[in-house]
Amino acid sequence: MLLGTLALFVVSLGYGVIVPLLPGLAGATGELGLLSIVYAAYSVAKIGAQVPGGVWVDRVGAQHVLRIALTLFTFSLAGFLLPGGPVWFALVRTIEGLATGLAYPAVCALAVSGAPASSAGRRIGTTVGVGSSGLLIGPAMAGLLASYGTWVPIVVALVIAAGVTAASFLQTEAARPPVARTFGGELERILKLAGDAAFLALLLPIAFNKLTFSAFQALLPVHAGGALHLPLGVATAGVYSVTGLFALTGVCFAAAQPLGGWLVDRFAPRAVILALTPPLLGALAALAFATTPFAFTWLYAAYVSASSVIFTATLKQAARAYGTEDTYGGVFGVLATLTDLMTVVGPILFLNLYGAAGAWVFLVMAVAGVPFAAGFLFGRRV
């Protein structure tokens, strides 16, 4: 569990450091088409790696795959230190995405493997919450250290990644019994989940959260900086700033995950999801009427916290309903792949709607969540 938490922290930290520095590193700030390819390369590679990576986890073990993923991620960080143009950095981002796509199902499998049902939620919540804190620390580290040179925060992230990678090779792993099934056969079996109505209904809460959360990454600077007139930095405005909102996102996510784990170990995950869906949609709808920084900030915090608990609850339900000790990797891989598709749609859909409707886009988000919630409520149960 510790290795999984550290591995997730490393990939989150590296991602958080690189993203704000990438336009300058790639030298494509004036070429938006090329820059979009650099950004998209990561997502395409990550989404494409998760299902085969999950099946690989089930065949050879999560620790083995995690070592490979950490090694690839460390090399990708080193690649950002080399001079190159957009094509080079698109290649490096592809390696980064591939490594992250392999790491995610391995981390989730480590979190639940060997865990009794009474503590699986806590283990998932702690691993994801603590590990993902790198998404908060990474951008802050980039902002603080980049003034000394853009290479400085990358080197710090690289040293941390190399240390965790080296430590992963020192850990012993229990021998696994040979797997009689072929890789192709296992892949086919896992992909059949994509056509399982109950499995798809189970994924709807995470799918909706990724749809909206990915949109907020683009909307926060636009709406908070424009309509709410919030400054960019935290020096004078603290949390009531664009940077403060992003920091608050990380804090809420990291704090709510362990809480979600505690809840779903004591109550049925489905009940937790259903209980938190109305407050989540209500917070989204209320954002359309939030005209002050105070109201917007804390309604947004409520949305992030509710969606984070729902995320943990859904992961535990999926593991309990579909996973076994030798299939967790594939289950989490296909879950992440199907729901990550929403991260491609979210920014495009809601950013364009914001251009036409302004703050009313948040009410549209809430309305869009109703069919997702209904599909989960009335869909086939597991």
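Summary of the structure given here. (Residues numbered from 1 in each chain as written. Predicted model: local features only at pLDDT ≥ 70, side-chain atom pairs only at ≥ 80, totals over all residues. Heavy atoms only, no water.)

Here's the deal with the overall build of the chain
Within the chain, the regular secondary structure consists of 14 helices and zero strands. Ordering the α and β elements of the chain from the N terminus gives α-α-α-α-α-α-α-α-α-α-α-α-α-α. Here the C-alpha radius of gyration of the chain, 20 Å, is about what a compact globule of 382 residues would show, namely 21 Å. Projecting the C-alpha coordinates of the chain onto the three principal axes gives extents of approximately 60 × 50 × 35 Å. (Helix = DSSP H or I, 4+ residues; strand = E, 2+ residues; numbered from the N terminus. Rg over C-alpha atoms; globule rule 2.2 N^0.38 Å.)

Description of the packing of helix 9 (residues 197–226) against helix 14 (residues 361–378)
The interhelical angle for the contact between helix 9 and helix 14, taken along N-to-C directions, is 170°, at an axis separation of 8 Å. Looking at the two axes, helix 9 sits roughly antiparallel to helix 14. Across the interface between the two elements, A201, L202, L204, P205, A207, F208, L211, T212, A215, F216, L219 and H223 from helix 9 touch V361, F362, M365, A368, G369, F372, G375 and F376 from helix 14. Classifying every residue of the contact of helix 9 with helix 14 by side-chain character gives 16 nonpolar, four polar and no charged. (Axes fitted to C-alpha atoms, helices over the stretch in contact; angles between N-to-C directions. Parallel < 35°, antiparallel > 145°, perpendicular 65-115°, else oblique. Contact = heavy atoms within 4.5 Å. Nonpolar A, V, L, I, M, F, W, Y, C, P; charged D, E, K, R; others polar.)

Section: a nonpolar patch on the surface
There is a patch of nonpolar side chains on the surface, built from V344, V345, I348 and L349 and spanning about 330 Å² of accessible area. Relative to the helices and strands, L349 resides in helix 13 (residues 328–357). Judged by its relative accessible area of 39%, L349 is partly exposed. (Patch = residues over 30% accessible without salt bridge, like charges linked within 9 Å, V, L, I, M, F, W, Y side chains within 5 Å. Areas by Shrake-Rupley, 256 points an atom, 1.4 Å probe, with all protein chains shown as cover. Salt bridge = Lys/Arg side-chain N within 4 Å of Asp/Glu carboxyl O. Buried < 20%, exposed > 50% of the residue type's maximum accessible area, 1.4 Å probe, protein only.)

Digging into the packing of aromatic side chains
To describe a pair of aromatic rings, one takes the distance between the centres and the angle between the planes. Under the defined criterion, the tally for this structure stands at 13 aromatic pairs. Three or more aromatic residues joined by ring pairs form one cluster here, namely F216, F296, Y300, Y303 and F362. The side chain of R270 reaches across the aromatic face of F376, ending 4.8 Å from its centre. (Phe/Tyr/Trp six-rings, centres within 6.5 Å; stacked < 30°, edge-to-face > 60°. Lys NZ or Arg CZ within 6 Å of the ring centre and 35° of its normal.)

Comments concerning helix 6 (residues 134–145)
With 12 residues, helix 6 extends 16 Å between its outermost C-alpha atoms, agreeing within 8% with the 16 Å of an ideal straight helix rising 1.5 Å per residue. When helix 6 is considered as a whole, its buried residues turn out to be G134, G138, M141 and A142. Here the buried residues of helix 6 occupy an arc of 100° about the axis, which is enough to place them on one side. Residues of helix 6 that are exposed and point more than 90 degrees away from the buried face comprise G143 and L144. (Expected span 1.5 Å × (residues − 1). Arc of directions from axis to C-beta.)

A look at the environment of I95
Inspection of the secondary structure assignment puts I95 in helix 4 (residues 86–112). With relative accessibility at 30%, the residue I95 sits in the partly exposed group. In the structure, I95 is positioned 18 residues away from L77 in sequence and 9.5 Å away in space, judged by C-alpha atoms. The residues touching I95, leaving out its near neighbours within four places in the chain, are L72 and S76.

Description of the pattern of salt bridges
Inspection of the entire model under this criterion finds four salt bridges. Between K46 and D340 there is a salt bridge; the shortest N-O distance is 2.6 Å. With K46 in helix 2 (residues 32–60) and D340 in helix 13, this residue pair connects regions lying 294 residues apart in the sequence. Take K46 and D340: they sit in the same class, and that class is buried.

Here we look at the packing of helix 11 (residues 269–287) against helix 12 (residues 293–322)
Interaxial distance between helix 11 and helix 12 falls to 9 Å at its minimum, and their mutual angle equals 155°. Taken together, the axes of helix 11 and helix 12 are roughly antiparallel relative to one another. In the packing of helix 11 onto helix 12, the handedness of the crossing is left-handed. Across the contact of helix 11 with helix 12, the residue classes break down as 18 nonpolar, four polar and two charged. (Left-handed = near helix turned anticlockwise from the far one by under 90°.)

Re helix 9
Given 3.6 residues per helical turn, the α-helix brings residues three or four places apart onto the same face. With 30 residues, helix 9 extends 42 Å from end C-alpha to end C-alpha; this agrees with the ideal 44 Å at 1.5 Å per step. L219 marks the point of greatest bend in helix 9, at about 50°, and the proline P221 comes within the next four residues. Of the residues that open helix 9, the one with a side-chain oxygen 2.9 Å from the backbone nitrogen of A198 is D196. (Bend = angle between axes of the 7 residues up to and from the residue. Polar contact = N/O pair within 3.5 Å; in protein donor to acceptor, adjacent residues only side chain to side chain.)

Some details on the environment of T277
For T277, the position within the fold is in helix 11. Sequence spacing of T277 and A373 is 96 residues, and the spatial spacing of their C-alpha atoms is 7.2 Å. Once you skip the residues sitting within four places of it in the chain, T277 turns out to touch I310 and A373.

Some details on the environment of L284
The residue L284 is located in helix 11 in this model. Note on L284: relative accessible area 0%, which makes it buried. In the structure, L284 is positioned 150 residues away from G134 in sequence and 26 Å away in space, judged by C-alpha atoms. Excluding residues that lie within four positions of it along the chain, L284 makes contacts with F208, T212, F216, Y303, F362, L363, M365 and A366.

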